[in-house]
Amino acid sequence: MSKRTVIPFGPQHPVLPEPIHLDLVIEDETVVEAIPSIGYIHRGLEKLVDKNEWPEMVYVIERICGICSFGHGWGYCKTIEGNLGVSVPPRAEYLRTILHELGRMHSHLLWLGCLADGFGFESLFMHSWRLRETVLDLFEETTGGRVIFSICKVGGMRKDIPNEMLKKMEETLRGIEGELHELADVFLDDDTVKSRLVGVGVLTKEEAFELGAVGPMARASGVNNDVRLDGHGVYGEIGFEPCLEETGDSYARCKVRIREVFQSIDLIAKCVSMIPDGDVAIEIKGQNPAGEFVGRIEQPRGEAYYYSKGSGQKFLDRIRVRTPTNANVPPLVKILQGCELADVPILVLTIDPCISCTER
């Protein structure tokens, strides 16, 4: 007769880069139930609106996550701009879109390396992170930072990026495209990798929709919920089609992210070819946010909400961020039910968890 055991999984684990904490109810080698526990690294960043004026809060919001920091900065700025009723110059929107897609490449290549490390493929991990270094070098050359960029501000961008540098960025990304294809071939065609991913952790389209999955987690199950379709930034001008898969397993989630890496290169190239000249910021003087506004951004991990409430003062009344990992925890709990204990680390990794984002 089988016996049920509760195993604490995390917050420290040799496979996981994130301090996620799950209580796993195990029957033999099968997970019967997974109970998440949130709050291990809560930092109280949103409460800092009491001490930081609204133009300065962009620095705080960027530090929610080091992997998608530019997206957090853009999401906050977009929300305050909506609150103030101002529009940023077209060139600034193009620059934001370019850097956001570069951030998507950074995030996905980091995730691919972590996934390879999760099932012990160390050389694949090293190649993923080696190519990621190229992306980080481009960030450093254009913004001055590799993790925190501080280039996005309410009203536009803090500085321009010359067209020559943007052309160099495109050429550099096209230059590593061949190596990216070699990397993708291993992830998608190697029998060792496929044996750990294919058919593991299936989330159906109906389950993904009902549980509110976002980002590659949802798109791998056929749910077309990419926020870039609403045309924020310049996605409506450059033409955009989401990357969708139907099988909903770990392999599909890997394939969606790989396809998005190549798509990001194409989107950056389109932006570079279409970017107009002009100012990169507007001056905002004598205005303070009043009322409420909600902005949305398609972060590398999925849809993120940014809510702001102001009363015409230099300090906001409230700022609230709902990050993709918040939405993807219920689908994670679902795919863990019935899986083998050995597959738990891989399944946790396939949602690309960011506990720093989750526990703000």
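Now for a description of the structure that goes with this document. Worth saying up front: this structure is predicted, and the values here are computed from it rather than measured.

As for the packing of aromatic side chains
Okay, so step 1: A complete count under the given rule lists four aromatic pairs for this structure.
Okay, so step 2: Their ring planes at 20° and their centres at 4.2 Å tell us that Phe139 and Phe149 sit as a pair that is stacked. Here Phe139, found in helix α4 (residues 122–143), pairs with Phe149, found in the loop between α4 and β4 (152–153); they are ten residues apart in sequence, far enough to count as distant. Across this residue pair, the class does not change: Phe139 and Phe149 are buried.
Okay, so step 3: The positively charged end of Arg132 is found above the aromatic ring belonging to Trp129, 4.6 Å away from the centroid.
Okay, so step 4: Here Arg257 stacks its cationic end above the ring of Trp111, 4.2 Å away from the centre of that ring.

Examining the environment of Thr350
Okay, so step 1: Secondary-structure assignment places Thr350 in helix α13 (residues 344–350).
Okay, so step 2: Relative accessible area serves as the criterion here: at 0%, Thr350 is assigned to the buried category.
Okay, so step 3: Taking the C-alpha atoms as reference points, Thr350 and Cys114, 236 residues apart in sequence, are found 9.7 Å from one another.
Okay, so step 4: Dropping the residues within four chain positions of it, Thr350 is found in contact with Trp111, Leu115, Met217, Ser250, Arg253, Arg257 and Ile335.
Okay, so step 5: A polar side-chain atom of Thr350 sits 3.3 Å from a polar atom in the side chain of Arg253.
Okay, so step 6: There is a polar contact of 2.7 Å between the side chain of Thr350 and the backbone oxygen of Leu347.

Considerations on the nonpolar core
Okay, so step 1: Counting 85 residues, the largest nonpolar core has Tyr76, Leu115, Leu173, Leu180 and Phe187 as the members making the most contacts within it.
Okay, so step 2: Considering every element that reaches this core, the biggest residue donor is helix α3 (residues 90–118), with 14 residues.
Okay, so step 3: Excluding anything up to four places from it in sequence, Leu173 contacts Leu102, Met105, Leu138, Ile265 and Ile268.
Okay, so step 4: If you look at the next biggest cluster of nonpolar residues, it comprises 23 residues, including Leu203, Ala208, Ile335 and Leu336.

Looking at the packing of α4 against helix α5 (residues 163–175)
Okay, so step 1: The interhelical angle for the contact between α4 and α5, taken along N-to-C directions, is 175°, at an axis separation of 11 Å. Taken together, the axis directions place α4 and α5 in an arrangement best described as roughly antiparallel. Contacts between α4 and α5 involve Thr134, Leu138, Glu141 and Thr142 on the former and, on the latter, Met165, Lys168, Met169, Thr172 and Leu173.
Okay, so step 2: Split into classes, the residues belonging to the contact of α4 with α5 amount to four nonpolar, three polar and two charged.

Section: the environment of Val193
Okay, so step 1: Checked against the element boundaries, Val193 lands in helix α7 (residues 191–197).
Okay, so step 2: We classify Val193 as buried; its relative accessible area is 0%.
Okay, so step 3: Between the C-alpha atom of Val193 and that of Ala116, which follows or precedes it by 77 residues, the distance is 8.2 Å.
Okay, so step 4: Once residues lying within four places of it in the same chain are set aside, the contact partners of Val193 are Phe119, Phe121, Leu124, Val186 and Phe187.

Cut-offs used in this document
Per chain, the residues get numbers from 1 upward, laid out in the order the sequence is written. Local features in this predicted model are restricted to residues of pLDDT 70 or higher, and side-chain atom pairs are both shown and tallied only at a pLDDT of 80 or more, whereas totals for entire chains, interfaces and linings draw on every residue. To obtain the side-chain values, all non-hydrogen atoms of the structure were used and water was disregarded. Pairing of aromatic rings covers Phe, Tyr and Trp, the last counted by its six-membered ring, and requires centre-to-centre distances within 6.5 Å; plane angles under 30 degrees mean stacked, over 60 mean edge-to-face, and any other angle means tilted. What counts as a helix is a DSSP run of H or I of at least four residues, what counts as a strand is a run of E of at least two, and both are numbered from the N terminus. Each residue is assigned to one of three classes by its accessible area relative to the maximum for its type, calculated with a 1.4 Å probe on protein chains only: buried under 20%, partly exposed between the two thresholds, exposed over 50%. Charges are assigned to positions over rings by a cutoff of 6 Å between ring centre and Lys NZ or Arg CZ, combined with an angular limit of 35 degrees from the ring normal. We call two residues in contact when some of their heavy atoms are within 4.5 Å. Here a polar contact is recorded for every N or O atom pair within 3.5 Å, except that within protein the pair must consist of a potential hydrogen donor and a potential acceptor, and residues adjacent in sequence are included only if both atoms are side-chain atoms. Put simply, a nonpolar core is a bunch of buried Ala, Val, Leu, Ile, Met, Phe, Trp, Tyr and Cys residues held in one set by side-chain atoms that sit within 4.5 Å of each other. Throughout, an axis means a line fitted to C-alpha atoms (over the contacting stretch in the case of helices), and angles, computed between N-to-C directions, take values from 0 to 180 degrees. Between 65 and 115 degrees an angle is taken as roughly perpendicular, under 35 as roughly parallel, over 145 as roughly antiparallel, and anywhere else as oblique. Just so you know the grouping, Ala, Val, Leu, Ile, Met, Phe, Trp, Tyr, Cys and Pro go in nonpolar, Asp, Glu, Lys and Arg go in charged, and all remaining residues, Gly too, go in polar.

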